Structures are given as structure tokens and as C-alpha cells.
Amino acid sequence: MAATRQTVQSNASTNVKTSIFEKISYGMGDVACNVVFALTSGLITYFYTNVMSVSAAMVGMIMLISRIFDGISDVAIGLIMDKVHSKHGRGRAWVLWMALPYGISAVALFCLPANATAAVQAIYIFITYNLCTTVVYTALNLPYGAMAPLMTSNEQDLARINLFRMAMSPIGNMIVSAASLPIINRMGGDQAAWIKVTLIYSVVAIGLLLWCFFGTKERVNTQAAQEAEKLPASVRFGALIHNKYFLMILFASLFLAVYQTVNGTVATYYAQYVLGNNEYYSVLNLAENIPQVVVIMILAPFIKKFGKRNLVLAGAILTMVAQLTLLAVPANPAFVAAVAAIRGIGKAPLFGCVFTMMADVVNYGHWKTGVRVQALIFSAATVGQKFGGGITGAIIGQLMDKSGFTGLAQEIPSAVAMVENLYIWGTVFAWAIIIGLMLAYKLEKNYDGMIRDMENKGMLKQAD
């Protein structure tokens, strides 16, 4: 049994706990963010290849190159966050500033010129994809993710804020993933249908981001964080490199992105070519995400009893073992949906705990190096996610192209076999790596003593 954590003390805000309404308001931000994430991690590839007849290899290569720029933008936004000060807060202000550009850039993704040459289409995809994901989404989601530790310094309240966030975040993903194809198919399945549906999503997402902005408040600003803002970037990056637990969370985020990209991109093709109907994608998505939401909602007492790392490790093992059973029954829709439900249960601890674990890693890095680089840690962790997703998307595109993938209603056997192998073994590979990382993650064993030492040294003192 993991020891009960001592609350992180601060002079001004340790007794300030956020209300249920504020937690819900914060969670609404991730519901909105997941609208574009669901589009760009899965459905956009299907749209380009099967609706607009763009080469899968070209789409994969564009996404890989884009992820390199995306990773740079994550670090840049992290550095800018440490320098930009607004009356609305360090993270919260960006939610307001990026709300409208977020909706507009999402719609632009689907306005690809249908009759243009392949070169023009490639340029358009590159520009709009990077505008949406590299610029706008990064400038929205990264500051949003860093908001929670700025809302409270009470560790248990922080854990609950992040549980609300991660319980609510699949809602946007579920709506987009489950509803999009059935609605679009009934609207004719053409490009115009995709644009109309995305426009509706964008309007709703903008409203949810405004709810998040007006319903939350930043309260925490440690003296150490203010001091770190004045340090050269080289010193702050040096503090990251010497934080071994940050590196573990970085690679866990990377391989979580590998899983999400495989599951999001390949699942659509798996539903169409292995299960026989692309609308099964909606069923699989609901089967996976509903159990995930339920488990995250009841996760708090289990975190207190067993610890975050142990829950994440157990869930990763469950996910990998469940996925291996598809080798025996790969084409039965009911069985595949059941496996998806088990995956939802298994991945819930990582989704529910990852941002609280990042907050723990911030404290560890501060204690270990004397430098508190909160925004940079959150931004660098997202670099892992973007890089993992980009590499995976490119590999998927290249492998499907080499398999002879056509994007037609009746796919050739070699392409179907490739889809099946990617769907099963991509997930197994990603979660096997996460299991290894969690076996090496030992921070929670020494966390209480570390926090007491930081308090005794005045490292958690609030800024005036």
C-alpha cells in the first residue's frame, strides 16, 4: 500500500481548494481540445486518403515533417509562457486568445482544393495542418495543461482537478470519433459533409473554451518559478536533462502517442476492411472510451491506496494482454469491441494520472537541481507526444503504401493484412515500452520525504 501523501504546503494557497464547478470548467477545456485531437489523430488521414484520394505515403510524410516543427513549437511556447505575463494568468490567458483561431483552423483542414494537382494539395495540407496543430493547438493545449498546478498547490485537490480533466477529455474524442462517420455518411459522405460537421464541432469547441476561461482562476505563483523565469534557456534545459523522472514521463508520453496514433489512424481502416463496415469505428471508440471515463471517475481512492505508478503499471499490463487476444479472434466485431472496452479500463490510470505525475516530476526536478521549470517540463513532455505521433503516422503511411493500399471500397489482401498487423502489434509494442518505463519509475517511494525537505528549505515559498 502506498503511503498517504503529505500535502504540498504553501503560505497562500495550500488551504484553497477548487470548487466542483471550477473543476468541471477546467475539464471543459480538454473536451474542446479533444475535438481537434480526434480529427487530427485519426479521421483526417481517412479523409485525405479515402475521400480526397491523397496518397497515404504523402500524408504520412507531411505529418512526420509537421511533427518536427510541432516539437519545436512546444518548446517555444513553453519558453514564451515563462516570459509572457497577463492579468488573466500565465496559462488561462492563452485559452482565451486561442479559442477563435482554434475553431477556424480546424475547419480549414477539410477545405482541401479537390481538383488541384498533387503538389498543390500537399502544400495546402502542410500549411493548414501546421497552422492547426503546430501553431494554434500547441498555443492552446500546452498552456491549458500547465494551468492545473497554477490553480491550487494542494496535492489532493490537484489530483482531483486532473482526474476531472481526464474523465471529461474523452467526451470530445468520443463525440467526434463516434458520431462523425455515421453523420457524414448520411449527409452524402463528400467533402462538403466533412466541412459542415467540422464547422459545428468548432463552434461548440469555442464555446467550451470560453466556459473554461471564465470558470477558472489561477492562484499559485511560487517564488522559485518567478526566479526560474529569469534564468537562461540553457540552464533550464540543463535542469530537464538531469531530471531522470522527467525523461521517463517524456518517453511514456511518446509511446502513449504511438498508441493513440495507431489506434486513431488504423482503427478506421480496421473497421472498414477487417470488420466490414467503417461505422464499426464508432462502436469501437465508444466501447473503449466509456469504460475509460468511468474508471477515471472512481480512480481517486485507488490512487491513495495503491499509488499512481502501480495503477498505471497494472493498467498497461492489462491493455497489452487484452490486445494480444485479438490474434485469436481478429474479425469478430463483438469480440473486438470487448477488447476495446478492456483497453479503456487498462489505459485509464495513465490518462488519469499522467498530469499529476508531471506535477510530481516538477517538484523532483526543483528539489534535485534547485531550478523549477514548470512550463518547460509540460511543454517538453508534449514534444514527446508530438514526436511519437508524427513518427508513427509516417511509418503507418509508408507501410500501408508498401502494402499496396488503394483506399477503395474493396481493399487488396496484402493491405488488409497490414492494417490488421498494425492495429494489433502497434498497440502491443507501445504498451510494452510503457510497462518497462513504469517498472523503472520509483519517485513515489521517496516523494513524501522529498516534499518535507523542500518545505524545510523554503523551496515551496509563495511569491509576494
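Structure: above.
Presented here is an overview of the structure given in this document. Along each chain, residues carry numbers from 1 onward, in the same order as the chain's sequence is written. Predicted model: local features are reported for residues with pLDDT of at least 70 only, side-chain atom pairs are reported and counted for 80 or more only, and whole-chain, interface and lining totals are derived from all residues. With hydrogens and water excluded, all non-hydrogen atoms of the structure serve as input to the side-chain values.

Regarding the overall build of the protein
What the protein contains, in helices and strands, is 16 helices and zero strands. It is over C-alpha atoms that the radius of gyration is taken, and the globule rule equals 2.2 Å times the number of residues to the power 0.38. Taking 23 Å as the expected radius of gyration for a compact globule of 464 residues, we find that the protein reaches 22 Å, a close match to that expectation. When the backbone C-alpha atoms are referred to their principal axes, the protein occupies close to 70 × 45 × 40 Å. Between buried and exposed lies partly exposed: a residue is buried under 20% and exposed over 50% of the maximum accessible area for its type, with that area taken using a 1.4 Å probe on protein chains only. Counting every position in the protein, which comprises 464 residues, the buried fraction comes to 62%. Note on contacts: a residue pair qualifies if any of its non-hydrogen atoms lie within 4.5 Å across the two residues. Long-range pairs, those at least 24 residues apart, make up 85% of the contacts in the protein between residues at least 6 apart in sequence. Accessibility throughout is a Shrake-Rupley quantity obtained with a 1.4 Å probe, and a residue counts as covered only by protein chains that appear here. A total of about 17400 Å² of accessible surface is found on the protein, and carbon and sulfur atoms cover 68% of it. Positive and negative charge centroids in the protein, built from 32 and 22 side chains respectively, lie 5 Å apart. Per the convention used, a helix needs a DSSP run of H or I reaching at least four residues, while a strand needs a run of E reaching at least two, with both numbered from the N terminus. Charged residues are defined narrowly, with Lys and Arg counted positive, Asp and Glu counted negative, and His plus the chain ends left uncounted. Lys charges are placed at NZ, Arg charges at CZ, Asp charges at CG and Glu charges at CD.

Focus on the environment of threonine 49
You can see threonine 49 is positioned in helix H1 (residues 20–51). Remark: the alpha-carbon pair of threonine 49 and leucine 140, spanning 91 residues in sequence, is separated by 28 Å. Once residues lying within four places of it in the same chain are set aside, the contact partners of threonine 49 are Val54, Ala56, Val59, Tyr269 and Phe405.

Observations concerning the packing of aromatic side chains
In this scheme Phe, Tyr and Trp rings, the latter by its six-membered ring, pair at centre separations within 6.5 Å, and the angle between planes marks the pair as stacked below 30 degrees, edge-to-face above 60, and tilted otherwise. For the coordinates displayed, the defined rule picks out 18 aromatic pairs. Plain terms: the ring middles of phenylalanine 255 and phenylalanine 429 are 5.8 Å apart, the flat faces sit at 75° to each other, and that makes the pair edge-to-face. Placement of the pair is phenylalanine 255 in helix H9 (residues 244–273) and phenylalanine 429 in helix H15 (residues 413–440), with a sequence separation of 174 residues. Looking at phenylalanine 429, the relative accessible area reads 48%, which means it is partly exposed. Whether a charge sits over a ring comes down to the Lys NZ or Arg CZ being within 6 Å of the ring centre and within 35 degrees of the ring normal. Taking the ring centre of phenylalanine 213 as reference, the NZ or CZ of arginine 92 above it sits at 4.1 Å. Between arginine 165 and the ring centre of phenylalanine 355, over which it is positioned, the NZ or CZ distance is 3.7 Å.

Some words on helix H10 (residues 280–297)
Taking 1.5 Å of rise per residue, 18 residues should cover 26 Å, and H10 covers 26 Å from first to last C-alpha, within 8% of that figure. Within H10 the residues assigned to the buried category are Tyr281, Ser282, Leu284, Asn285, Ala287, Glu288, Asn289, Pro291, Gln292, Val293, Val295 and Ile296. A helix is expected to span 1.5 Å for every residue after the first.

As for the pattern of salt bridges
A pairing counts as a salt bridge when a side-chain nitrogen of Lys or Arg comes within 4 Å of a carboxyl oxygen of Asp or Glu. Tallied over the full model, the rule gives eight salt bridges. The shortest N-O distance in the salt bridge between lysine 457 and aspartate 453 comes to 3.1 Å. Under the relative-accessibility criterion, lysine 457 is labelled exposed at 55%. Its relative accessible area of 25% is what places aspartate 453 among the partly exposed residues.

Focus on unusual backbone geometry
Residues other than glycine seldom take positive phi values, yet serine 53 does so here, at roughly 60°. Along the chain, serine 53 turns up in the loop between H1 and helix H2 (56–83). A residue is classified by how much of its surface remains accessible, and serine 53, at 62% relative accessible area, is exposed.

Remarks on the packing of helix H13 (residues 333–369) against H15
In this description, a line fitted to the C-alpha atoms serves as the axis of each element, helices being fitted only across the stretch in contact, and the angle between N-to-C directions of two axes falls anywhere from 0 to 180 degrees. Viewed as axis vectors pointing N to C, H13 and H15 meet at an angle of 35°, and their least axial separation amounts to 13 Å. Classified by chirality, the crossing of H15 by H13 is left-handed. Judged by residue contacts, Val336, Arg343, Lys347, Leu350 and Met357 of H13 engage Tyr423, Thr427, Trp431, Ile434 and Met438 from H15. When grouped by side-chain class, the residues that make up the contact of H13 with H15 number seven nonpolar, one polar and two charged. By definition, any crossing whose near helix is turned counterclockwise from its far helix by less than a right angle is left-handed, and any crossing with a clockwise turn is right-handed. Ten residues, namely Ala, Val, Leu, Ile, Met, Phe, Trp, Tyr, Cys and Pro, are considered nonpolar, four, namely Asp, Glu, Lys and Arg, are considered charged, and the remaining ones, Gly among them, are considered polar.

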